[in-house]
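Close look at the chain arrangement
Here's the letter readout for the chains.
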Amino acid sequence: MKIGIIGGGAVGLLFAGYLGRLFDVTLIVRRESQVRSLSENGVTIYKEGSAITTRVGAVQETETQKEFDVVIVAVKEYDLPLLRQGLVELGAHVPLLFVQNGIGHVDWVKSLPHRHLIAGSVDHGAMKENDAAVHHLGEAETNIALIRGNWHVIEEIVLKSTDSFRFSIRKDFEKMLLTKLFVNVSINPLTALTGVTNGKLVENPYFHKLQKDLFNEMLLLFPQMKGNISFEKVVDICRNTYQNRSSMLKDIESQRRTEIESIIGVLLDKAQKEHHFVPIMNLLYKLVKGIEREGLGG
Ligand SMILES: NC(=O)C1=CN([C@@H]2O[C@H](COP(=O)(O)OP(=O)(O)OC[C@H]3O[C@@H](n4cnc5c(N)ncnc54)[C@H](OP(=O)(O)O)[C@@H]3O)[C@@H](O)[C@H]2O)C=CC1
Ligand SMILES: CC(C)(CO)C(=O)C(=O)O
């Protein structure tokens, strides 16, 4: 099975390192320097004191000629629009798997002409070390659900998946993405603003109380999720990814744009339309946007 992975960031490298042991994997990146680094070094995954290196292919996005059986899109949500042309050129028959947090990308994904579209929800913690190495912090799984098309296109990945990098099939992609959204709303902005790792949010009673209040604001917006997600799930993920610095914290630290729009911005629009009072979300959104604007994180 030939797998293309667009984006050699934390998640792209993690997927390439694990899937590259089982399949023919090519990372599609945007910098020539990263192609060189990957060709020379392969992808190294650091985990609990060990390091495993996997050889993978690497090409620059403009030079992708290979025919893929599936393409995993691992760029940030706000970088997706620029990929449209390239994805169309891959062919509408090529199944695409999107791993972005949040729900801001769903309508855009649905607007693609591709026959098989799959949503992914990544519970792993991944922290990029350099262009060819990533830390796997917190063993978890990747949930996947069909947006449209059929399963057989991705069955092999699920069947061959191993315990250290497991894929689980979910029936309802909206419910799956909302579940992850509850997690990201309760972790990412708080870690981005306080600078702590995920695990500290459940250890520190002040942060933990804020997490709970945020979770309750989420339930106001999505009452249908009441029986589907519990606050314990958030706590479990914080513990599982104890040492991880969330993707939003890493963005703030690197003075990069965050995914706050796709994680909280879309929820504030919903709250306004439906007349819900979500003061903590509002405050966190404005603080993250303000810090992002001033480039204060570095
Ligand atoms: N990190 C984590 O623990 C988790 C992240 N996620 C989700 O996964 C997605 C990716 O996150 P993450 O890996 O952390 O992000 P990173 O910022 O680490 O990586 C994004 C990568 O995309 C690359 N990229 C951007 N545009 C293009 C393009 N046109 N062609 C090729 N490559 C491109 C960037 O390249 P360059 O290096 O050149 O800028 C960068 O390497 C996000 O949507 C996030 O929400 C989900 C769960 C956990
Ligand atoms: C699961 C979690 C919270 C891991 O840090 C994540 O999705 C992220 O960092 O964006």
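Everything numeric here is computed off the predicted structure, so don't read it as measured data.

Once that is clear, we can look at the sheet that holds strand E4 (residues 50–54). Overall, mixed pairing links the four strands, which are arranged E4-E3-E10-E9 in an open sheet. Both outer strands of the open sheet, E4 and strand E9 (126–130), are each paired with one neighbouring strand and no more. Within this sheet the neighbouring strands show an average axis-to-axis angle of 25°, counted without direction.

So, about the packing of helix H6 (residues 173–194) against helix H9 (residues 231–240). Running from N to C, H6 and H9 point in directions that differ by 65°, and their axes come no closer than 10 Å. Crossing geometry of H6 relative to H9 is assigned as right-handed. Here Thr179, Phe182, Val183, Ser186 and Ile187 of H6 lie close against H9, whose contacting residues are Lys233, Val234, Ile237 and Cys238. Considered class by class, the residues forming the contact of H6 with H9 number six nonpolar, two polar and one charged.

Attention now goes to the domain arrangement of the protein chain. By the assigned domains, the protein chain splits into domain 1 (2–171) and domain 2 (176–293). Distance from the C-alpha centre of domain 1 to the C-alpha centre of domain 2: 24 Å. Every contact between the two is made by 25 residues of domain 1 and, on the other side, 24 residues of domain 2. Between domain 1 and domain 2 lies a buried interface of about 2,000 Å² when both sides are counted; carbon and sulfur atoms form 60% of it. Of all residues in domain 1, Tyr78, Asn101 and Ile103 bury the most surface against domain 2, accounting for 31% of the area lost on that side. The interface formed by domain 1 and domain 2 includes two salt bridges. In this structure, Asp123 and Lys233 form a salt bridge, with 3.7 Å as the shortest nitrogen-oxygen distance. At the junction of domain 1 with domain 2, the criterion picks out eight residue pairs in polar contact (both at pLDDT 80 or more). Contributing elements (two or more residues each) for the side of domain 1 that touches domain 2: strand E8 (117–122), E9 and strand E11 (141–148).

What counts, and at which threshold
Residues numbered from 1 in each chain as written. Chains lettered and ligands numbered in written order. Predicted model: local features only at pLDDT ≥ 70, side-chain atom pairs only at ≥ 80, totals over all residues. Heavy atoms only, no water. Pairing = 2+ DSSP bridges. Helix = DSSP H or I, 4+ residues; strand = E, 2+ residues; numbered from the N terminus. Axes fitted to C-alpha atoms, helices over the stretch in contact; angles between N-to-C directions. Left-handed = near helix turned anticlockwise from the far one by under 90°. Contact = heavy atoms within 4.5 Å. Nonpolar A, V, L, I, M, F, W, Y, C, P; charged D, E, K, R; others polar. Domains from an automatic or database assignment. Buried area = accessible area lost by both parts, 1.4 Å probe. Salt bridge = Lys/Arg side-chain N within 4 Å of Asp/Glu carboxyl O. Polar contact = N/O pair within 3.5 Å; in protein donor to acceptor, adjacent residues only side chain to side chain.

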